[in-house]
Amino acid sequence: MNQPQAALVTGAGGALGHATAARLAADGLDVALLDRDTEALERTAEEVRKAGARALALTTDLRDAAAIESAVDRTTAELGPLRVLVNNAAVYPARPFLEVPLSEYEEVVAVNQRAYWVAAQAAARRMTTTGGGSIVNIASITMHGGWDSLAAYVSTKGAAVSLTRALARELGREEIRVNCVSPGAFPTAAEEIHEDPEGYTRHVLDHQALKRRGRPEELASVVSFLAGPDSSFVTGQTLEVNGGWVMA
Ligand SMILES: NC(=O)c1ccc[n+]([C@@H]2O[C@H](COP(=O)([O-])OP(=O)(O)OC[C@H]3O[C@@H](n4cnc5c(N)ncnc54)[C@H](O)[C@@H]3O)[C@@H](O)[C@H]2O)c1
C-alpha cells in the first residue's frame, strides 16, 4: 500500500480554500485545513472526508508564527509526510491609502505575507527530509494594475510572486517546487467589499475574454496541477486564472 501523503491548505474555510482542499482530497491526499473560522473549517473537513481522504481541521490564527509551526508538526505527525502546501489565506480590508492606519497594514502583511513565509519555511524544512514537495502561493489579479482602496492587499500579492521565485530558485536542489496561482475575480465572500455587486459583475464580464463568472473548482484544478506530478518540471511560475482578463 502507498504511504499516505499530506497537503496543508491555509484559509481552507474560505471559498477558494474549500474548493482547493476538496480537489486535493479527490487527488488522493490527506488534507490539513487551517483557518481561524472553526465552523467553516468543519464544512471543508466534511467535504474532504466525502472525497475519501482524511481531514485534520486546525483552528489557527495565521498571524501567530508558533501556531503555524505547531500546525505543520501536527500535520506530519497525524497525516504523514507533507507533500503539498497551499498558502491561500488572505485579508483584504478596503480603505483609501491615505487613511490606512499602520495597524491595519501590519495585519494585512501578517496574514497575506508573513504567514506565507512562515508556513513555507516550516513545510520546506520537513520536505527536505522526505524527498521534496510542492508549494503553491495564491496571488491576485490586482497585483498587475492595482485596485482602488486595496494598496496593502495588492502589495502583499506582488510579494507572493517574488517569494515564489526566490524560494523556487533556492529549493529546487531539494526537489521542492514553488509556484503561484493568481486568481481573477471569483464570486466569493471577497466580493462583498464592492458596493454594487451587479455593476461589479458587469465590470468583470466586460474585461474577461470568457463571458461568464469563474467557479472556485476552476481555480482549484490549476492548484491541483501545480501541486501534483503533471507539473513536475514547472517551478517559479505564476499561472493566471482569470478568464482572460489580464493576459500576462
Ligand atoms: N475571490 C476572488 O475573487 C479572489 C481574487 C483574487 C485573489 N484571491 C485570493 O484567493 C485566496 C482565497 O480567497 P477567497 O476568495 O477564498 O477569500 P475568503 O475570504 O473566502 O477566504 C480567506 C480565508 O482566510 C481566512 N483567514 C483570514 N485571516 C486569517 C487569520 N489571521 N488566520 C487564519 N485564517 C485567516 C478567513 O477566515 C477565510 O476563511 C486569497 O489569497 C485571495 O487573496 C481571491
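Scroll up for the structure.
All of the points below concern the structure found in this document. These numbers were taken from a predicted model, which means no experiment stands behind them.

Turning our attention to the packing of helix 1 (residues 15-26) against helix 8 (residues 216-227). Helix packing geometry: the angle between the two helix axes and the distance between the axes. Here helix 1 crosses helix 8 at 50 degrees, and the two axes come no closer than 8 Å. The angle between helix 1 and helix 8 falls in the class oblique. Crossing handedness for the pair helix 1 and helix 8: right-handed. Here helix 1 contributes Ala15, Leu16, Ala19, Thr20, Arg23 and Leu24 to the contact with helix 8, which in turn contributes Pro216, Glu217, Leu219, Ala220, Ser221, Val223, Ser224 and Ala227.

Our next topic: the site of the ligand. Every one of the 28 residues lining the ligand counts as a neighbour, but Asp35, Asn88, Tyr92, Tyr153 and Phe186 are closest to it. Within the side chain of tyrosine 153, an N or O atom sits 2.5 Å from an oxygen atom of the ligand. Protein chains shield 93% of the accessible area of the ligand, which is 830 Å² for the free molecule. Sorting the residues of the shell around the ligand by element identifies helix 1, helix 4 (102-127) and helix 6 (151-171) as the ones contributing at least two each. The residue makeup of the shell around the ligand, split by class, is 16 nonpolar, 8 polar and 4 charged.

Counting 65 residues, the largest nonpolar core has Leu24, Val31, Leu33, Val48, Leu85, Ile135 and Val181 as the members making the most contacts within it. No other element matches helix 4, which puts 11 residues into this core. Dropping the residues within four chain positions of it, leucine 24 is found in contact with Ala7, Val9, Leu29, Val31, Val84, Val86, Ser224 and Ala227. By size, the runner-up hydrophobic cluster in this structure holds 5 residues, among which are Ile141, Ala185, Tyr200 and Val204.

What follows is about the packing of aromatic side chains. Using the criterion set out here, one finds 3 aromatic pairs in the structure. Ring geometry for tyrosine 92 and tyrosine 153: centres 6.2 Å apart, planes at 90 degrees, overall edge-to-face. With tyrosine 92 in the loop between strand 4 (82-87) and helix 4 and tyrosine 153 in helix 6, the pair connects residues that are 61 residues apart, well separated along the chain. Note on tyrosine 92: relative accessible area 28%, which makes it partly exposed. Among the aromatic side chains, those forming a connected cluster through ring pairs are Trp147, Tyr200 and Trp245.

With relative accessibility at 13%, the residue tyrosine 153 sits in the buried group. Along the backbone, tyrosine 153 and valine 111 are 42 residues apart, and their C-alpha atoms lie at a distance of 10.0 Å. Excluding anything up to four places from it in sequence, tyrosine 153 contacts Ala90, Val91, Tyr92, Val108, Asn112, Ser140 and Thr142.

Turning to the packing of helix 4 against helix 6, a few remarks are in order. Two numbers describe how helix 4 lies on helix 6: the axes approach to 9 Å, and their chain directions differ by 15 degrees. By the angle class used here, helix 4 and helix 6 are roughly parallel. Considering how the two elements wind past one another, helix 4 and helix 6 form a crossing that is right-handed. Here Tyr105, Val108, Val109, Asn112, Gln113, Tyr116, Trp117, Ala120 and Ala124 of helix 4 come into contact with helix 6, specifically with Ala152, Tyr153, Ser155, Thr156, Lys157, Ala159, Ala160, Leu163, Leu167 and Leu171. Looking at side-chain class alone, the contact of helix 4 with helix 6 contains 14 nonpolar, 4 polar and 1 charged residues.

Now for the pattern of salt bridges. Throughout the structure, instances matching the rule amount to 14 salt bridges. Across the pair arginine 126 and aspartate 73 runs a salt bridge, and its minimum N-O distance is 2.6 Å. With arginine 126 in helix 4 and aspartate 73 in helix 3 (residues 65-79), this residue pair connects regions lying 53 residues apart in the sequence. Taking the relative accessible area as the measure of exposure, arginine 126 reaches 19% and is therefore buried. By relative accessible area, aspartate 73 is classed as partly exposed at 39%.

Rules used throughout
Residues numbered from 1 in each chain as written. Predicted model: local features only at pLDDT ≥ 70, side-chain atom pairs only at ≥ 80, totals over all residues. Heavy atoms only, no water. Axes fitted to C-alpha atoms, helices over the stretch in contact; angles between N-to-C directions. Helix = DSSP H or I, 4+ residues; strand = E, 2+ residues; numbered from the N terminus. Parallel < 35°, antiparallel > 145°, perpendicular 65-115°, else oblique. Left-handed = near helix turned anticlockwise from the far one by under 90°. Contact = heavy atoms within 4.5 Å. Near = heavy atom within 4 Å. Polar contact = N/O pair within 3.5 Å; in protein donor to acceptor, adjacent residues only side chain to side chain. Areas by Shrake-Rupley, 256 points an atom, 1.4 Å probe, with all protein chains shown as cover. Nonpolar A, V, L, I, M, F, W, Y, C, P; charged D, E, K, R; others polar. Core = buried A, V, L, I, M, F, W, Y, C linked by side-chain atoms within 4.5 Å. Buried < 20%, exposed > 50% of the residue type's maximum accessible area, 1.4 Å probe, protein only. Phe/Tyr/Trp six-rings, centres within 6.5 Å; stacked < 30°, edge-to-face > 60°. Salt bridge = Lys/Arg side-chain N within 4 Å of Asp/Glu carboxyl O.

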